Amino acid sequence: MSFAYQNKKLMCEGMAVAAIAAQAGTPCYLYSAHQFRENFGAYRNAFLGADATICFAVKACSNIAILKLLGTAGAGADTVSGGEIRRALLAGIAPEKIIFSGVGKTEDEIALALESGIGQLNVESPEELEIVDGIAAARRAKARISLRVNPDVDAGTHEKISTGRKSDKFGIPWPEVWETYQEARTLSHLEVEGVACHIGSQITDLAPFEAAFAKVTDLARELQADGFRLRRIDLGGGLGIQYRDETAVDVGDYAAAVMQSVRPLGLQLFLEPGRSIGASAGALISEVQFIKHAEGRSFAVLDAGMNDLARPAIYGAYHEIIPVRQGDPAESYDVVGPVCESSDIFGTNRRLPRLAAGDLVAILNAGAYGAAMSSNYNTRSLPPEILVEGDQCKVIRERQRFEDIIALERY
Ligand code: LLP
């Protein structure tokens, strides 16, 4: 645990959170370098000895310093836009270890992917096959592609983060997969190298993974038998985590299930975990502005809002909220932000020590889909991001200034 109390003070690794907040101001994101490495290391160790590349899902936490830290530890990158590809390249991640997925890649993005020589371009529709072939032809190049298939498995996760059912927009519909592979092999500027799938996020049960792996590895075997010279298989995003009372799947059990399906194929394995590497490595630190009493409720009004951490407002997600100075729980608070939306609530009925203006709280498990989803809504500045390593910390993104927010506006 990289966020833990020492003498009643919340620490991030060897640094007091309150001291960092005093320097950086609030709200701010704090990341533990150690926790990022440990979470990534759990995947790396679980797949030791296999020909596996763990490609961190850049969308979960896209700060270049974080990508650099993970890249140095051996990670590749899973990207979903030209911007994310450019971030991964700036972080020094080898193009060969970059995957590019997405239902609606633009021609410019596809061209960037081809020019950068990224390792795996996931094509998600027959329409896109033709587009990629055309772009490669114009460059007199061959595009190395995988087809992202939709195995029609219900991951049993939140409606808004499920991707592998036939009703979802992602991937090639299962009944059309075989035909699409046959079409791909007729296009002369494509090299069909792999199979990819992704069924959703925050999955806390091994069964849907196993069901998808079985379908996709069967497909790979049939394609090999049909003469496709596949090189790789990509089994998508990683494990769900414990935000509240969920039980996360053990990464060792996950790896065993993956390897049991994949080993007989003799292919390179790519995985795209994001949340399980980033979430526990980050916290959003915020200051209580004041306590407001209304209708018998106590609202702790923070200086962080849904623009800084959108998950509770969008998905009704639970994030633990803890005081930066430890004390006995004394009161129940609805912890809310200042944004003009009723959904700007981080948590209701949270038992916390008595809070007053100026007290700090930490919203945990915010290292994935936290800063990466933050916005300027209500013309609020993006918060700074600070990376802690031992007893050192550095600002890896400055607090955005008002001038930065309006810089592109013309009036
Ligand atoms: N690969 C693909 C193609 C994906 O679409 C995703 C996540 C991942 C990998 C990473 O999955 P993970 O290991 O993080 O589960 N904003 C939502 C999560 C959206 C996830 C979308 N795709 C949230 O805050 O819960």
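These numbers come from a predicted model, not from an experiment.

What counts, and where the lines are drawn
- Residues numbered from 1 in each chain as written.
- Predicted model: local features only at pLDDT ≥ 70, side-chain atom pairs only at ≥ 80, totals over all residues.
- Heavy atoms only, no water.
- Axes fitted to C-alpha atoms, helices over the stretch in contact; angles between N-to-C directions.
- Helix = DSSP H or I, 4+ residues; strand = E, 2+ residues; numbered from the N terminus.
- Parallel < 35°, antiparallel > 145°, perpendicular 65-115°, else oblique.
- Contact = heavy atoms within 4.5 Å.
- Polar contact = N/O pair within 3.5 Å; in protein donor to acceptor, adjacent residues only side chain to side chain.
- Core = buried A, V, L, I, M, F, W, Y, C linked by side-chain atoms within 4.5 Å.
- Buried < 20%, exposed > 50% of the residue type's maximum accessible area, 1.4 Å probe, protein only.
- Domains from an automatic or database assignment.
- Pairing = 2+ DSSP bridges.
- Lys, Arg positive; Asp, Glu negative; His and termini not counted.
- Salt bridge = Lys/Arg side-chain N within 4 Å of Asp/Glu carboxyl O.

### Some remarks on the packing of helix α4 (residues 82–90) against helix α5 (residues 107–116)
Move 1: Between α4 and α5, whose axes approach to 9 Å, the crossing angle comes to 25°. The orientation of α4 relative to α5 falls into the category roughly parallel. On the side of α4, the interface is formed by Gly 82, Ile 85, Arg 86 and Leu 89, while α5 contributes Glu 109, Leu 112, Ala 113 and Ser 116.

### Details of the side chain of Glu 128
Move 1: On the secondary structure map, Glu 128 appears in helix α6 (residues 126–138).
Move 2: Reaching out from Glu 128, the side chain makes a polar contact with the side chain of Lys 105 at a distance of 2.6 Å.
Move 3: Once residues lying within four places of it in the same chain are set aside, the contact partners of Glu 128 are Gly 102, Lys 105, Asn 122 and Val 123.

### What about the nonpolar core?
Move 1: The biggest cluster of nonpolar side chains holds 102 residues, and the ones touching the most others in it are Phe 47, Ile 145, Tyr 181, Leu 235 and Tyr 254.
Move 2: A per-element tally of this core places helix α8 (residues 206–225) first, with eight residues.
Move 3: When residues are assigned to domains, this core turns out to be shared by domain 1 (3–31 + 279–405) and domain 2 (94–273), each giving three or more.
Move 4: Those residues in contact with Leu 235 that sit more than four places away from it in its chain are Cys 197, Phe 213, Val 216, Val 258, Val 262, Leu 269, Phe 270 and Leu 271.
Move 5: Membership of the second largest hydrophobic core comes to 18 residues, among which are Leu 30, Ile 322, Leu 364 and Val 388.

### Observations regarding the sheet that holds strand β2 (residues 9–12)
Move 1: If you walk across this open sheet you meet the three strands as β1-β2-β3, and the pairing is antiparallel. The open sheet is flanked by β1 (3–6) and β3 (15–16), the only strands paired with a single partner.
Move 2: Summarising the sheet, β1 and β2 pair through four bridges and their orientation is antiparallel. Of the residues in β2, the one forming a bridge with Phe 3 is Cys 12.

### Comments concerning the side chain of Glu 84
Move 1: For Glu 84, the position within the fold is in helix α4.
Move 2: Buried and unpaired, Glu 84 has no salt bridge, with Lys 59 as the nearest side chain of opposite charge at 5.8 Å.
Move 3: For Glu 84, the side chain forms a polar contact with the main-chain nitrogen of Lys 59, separated by 3.4 Å.
Move 4: Setting aside residues no more than four positions away along its own chain, Glu 84 makes contact with Val 58, Lys 59, Asp 78 and Thr 79.

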